[in-house]
2 protein chains.
Amino acid sequence: MPRAHPARSVAPRRPAPRSSRERLFAAAATEFAARGFAGASVDRIARAARVNKAMIYYHFTSKAALYREILRDMFEAVSARVAGLSRSAIDPADKIRAFVEAIATEAEARPHFPPIWFREIADGGRHLDAQTTAHIAAIVKVLGGIVAEGVAAKRFRPVKPLFVHAGIVGPLLLYFASTEVRKRLEERGVAGADRLERREVVAHIQRVTLGTLEGFTS
Amino acid sequence: MPRAHPARSVAPRRPAPRSSRERLFAAAATEFAARGFAGASVDRIARAARVNKAMIYYHFTSKAALYREILRDMFEAVSARVAGLSRSAIDPADKIRAFVEAIATEAEARPHFPPIWFREIADGGRHLDAQTTAHIAAIVKVLGGIVAEGVAAKRFRPVKPLFVHAGIVGPLLLYFASTEVRKRLEERGVAGADRLERREVVAHIQRVTLGTLEGFTS
DNA sequence: GTCTATAAATAGATAGAC
DNA sequence: GTCTATCTATTTATAGAC
């Protein structure tokens, strides 16, 4: 997938995978999301992609390299989308809103994104190569830049960028990744747990983040 | 561990595990946190606990049952600690602060808690048995009760309990679980990423949550 | 690019002696 | 409670034909 679709700034609608490489990439993303790196099986990936197992090693050299490529694709996409914000002319509050929206959009375009990110954090980032780590750092830096811009314009109070980042990414990933768990909670009497909507979740996180930075009132 | 330490309301300092059962429980928690359920190996668990592998099946019947027991212990502890808040006489804002503190304390007492919870969410909650699911539901309901109490007293505005919950648990788990990843970000130029302190993180999340509920200003 | 066959290691789990 | 030995299935990965 990354070869076929490099950095792009518009909504990432990916076509049905054609080549065996693309089919393997898509099947692997699903398998890694569902079972984690250690739990994933190259046999299952190949079977799901309807491709011979040996093709995984032909196209990607190893299970680990395939997994690293999926990680790179995830953060490259977010980094590319978010980079445009730095140079944009809109005011800082709208940049915060756009940042939240960007994370949500990329997470939604890749159902494997939230679970894989959760698992990779739990793995201590063992599989993050230099390139991918740089992409993640760039994302946090963009957010830090927006906060600094708002502080300089006396619109925001100074808050550590990593705190702002955690306040956005934590709840957002939790929402996208927890669909199944929320269904179980609904069955156990947590009313409405299975009926959260993307729109209201994103709006809430935008409000809370701006409240933290501006001081609420509204 | 659950057998030896049932529900308790004070800081959970656990003694060095003595019995083979306790050593296996502790070693398994570490292994599942580091590698996930599918990636964990009963051989490694037994080796780390310096206990014969067959003892795992003697004490816990299966790898899955052992894992479920660890999950139960985690949420039983949080549920027990948080249950006291419902019946407490302090005002709603202090209850919110105590709720955040409770999650942080239990997460800190069990380094395996944040990674295992992230992984289990990614697994779709496949291993959550009825008892554990009930504990999690109870935790969310306690938070819902605190919010409702504040709304009735005209101190809080109505916010969906699951939104409040995600705003607390998302960032908090992210902080505890991301130590290694944050080290990597520090190396890549994200200043201070590896020097966040528990105290300031908890204080920030308390402020943000109360700001969301009360309307900030301060 | 695609396939079969297979190597070599490791997985979870159990039987049965002590 | 603890141990050794072992069964069976599955793991990642590669060699080599087409």
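Above this text you will find the structure in question.
Residues numbered from 1 in each chain as written. Chains lettered and ligands numbered in written order. Predicted model: local features only at pLDDT ≥ 70, side-chain atom pairs only at ≥ 80, totals over all residues. Heavy atoms only, no water.

Undergrad: Can you help me understand the interface of chain A and chain B in this one?
TA: Interface extent is often summarised as the accessible area lost during association of the parts. On the side of chain B, 56 residues touch chain A, which itself brings 56 residues to the contact. The tally of links between chain A and chain B comes to 4 salt bridges. Taking the shortest distance from any N to any O, the salt bridge between Arg119(A) and Asp123(B) comes out at 2.6 Å. Applying the counting rule to chain A against chain B returns 11 residue pairs in polar contact (both at pLDDT 80 or more). Where the side of chain A that touches chain B is concerned, the elements lending two or more residues are α1 (20–39), α6 (113–122), α7 (130–152), α8 (161–177), α9 (179–187) and α10 (198–214) of chain A. Per-element accounting of the side of chain A that touches chain B gives the leading share, 9 residues, to α8(A). (Contact = heavy atoms within 4.5 Å. Salt bridge = Lys/Arg side-chain N within 4 Å of Asp/Glu carboxyl O. Polar contact = N/O pair within 3.5 Å; in protein donor to acceptor, adjacent residues only side chain to side chain. Helix = DSSP H or I, 4+ residues; strand = E, 2+ residues; numbered from the N terminus.)

Undergrad: Before we go on, may I ask you to explain the relation of the copies chain A and chain B in this structure?
TA: Put simply, the two copies of the chain differ by a rotation about an axis and a shift along that axis. Least-squares fitting of chain A to chain B yields an RMSD of 0.0 Å, with the transformation described by 0.0 Å of translation along the axis and a rotation of 180°. A rotation of that kind, with that shift, is consistent with a two-fold axis. The position closest to the rotation axis in chain A is occupied by the C-alpha of Gly170(A), lying 2.1 Å away. When you check the interface residues of chain A against chain B, 100% turn up at the interface there too, and the contact is symmetric in its surfaces. (Least-squares fit on C-alpha atoms with pLDDT ≥ 70 in both.)

Undergrad: Which parts of the structure should I look at to understand empty space enclosed by the protein?
TA: Where empty space is left in the structure can be found by rolling a water-sized probe over the atoms. In the structure shown here, the tally under the stated rule is 6 cavities of 30 Å³ or more. There is about 530 Å³ of room inside the largest cavity. Considering the residues around the largest cavity, the lining is formed by 35 residues, among which Pro171(A), Phe163(B), His165(B), Ala166(B) and Gly167(B) are closest to the centre. Contributing elements (two or more residues each) for the lining of the largest cavity: α8, α9 and α10 of chain A together with α6 (113–122), α7 (130–152), α8 (161–177) and α10 (198–214) of chain B. Here the lining of the largest cavity gets 9 residues from one element, more than from any other, and that element is α8(B). Of the volumes computed, that of the second largest cavity is approximately 260 Å³. Mapped onto the lining of the second largest cavity, the elements with two or more residues apiece are α6, α7 and α8 of chain A together with α8, α9 (179–187) and α10 of chain B. (1 Å grid on protein atoms, 1.4 Å probe; cavity = no way out; pocket = protein on both sides within 12 Å on 5 of 7 lines; lining within 4 Å. Points joined across faces, edges and corners; volume = space filled by probe spheres on them.)

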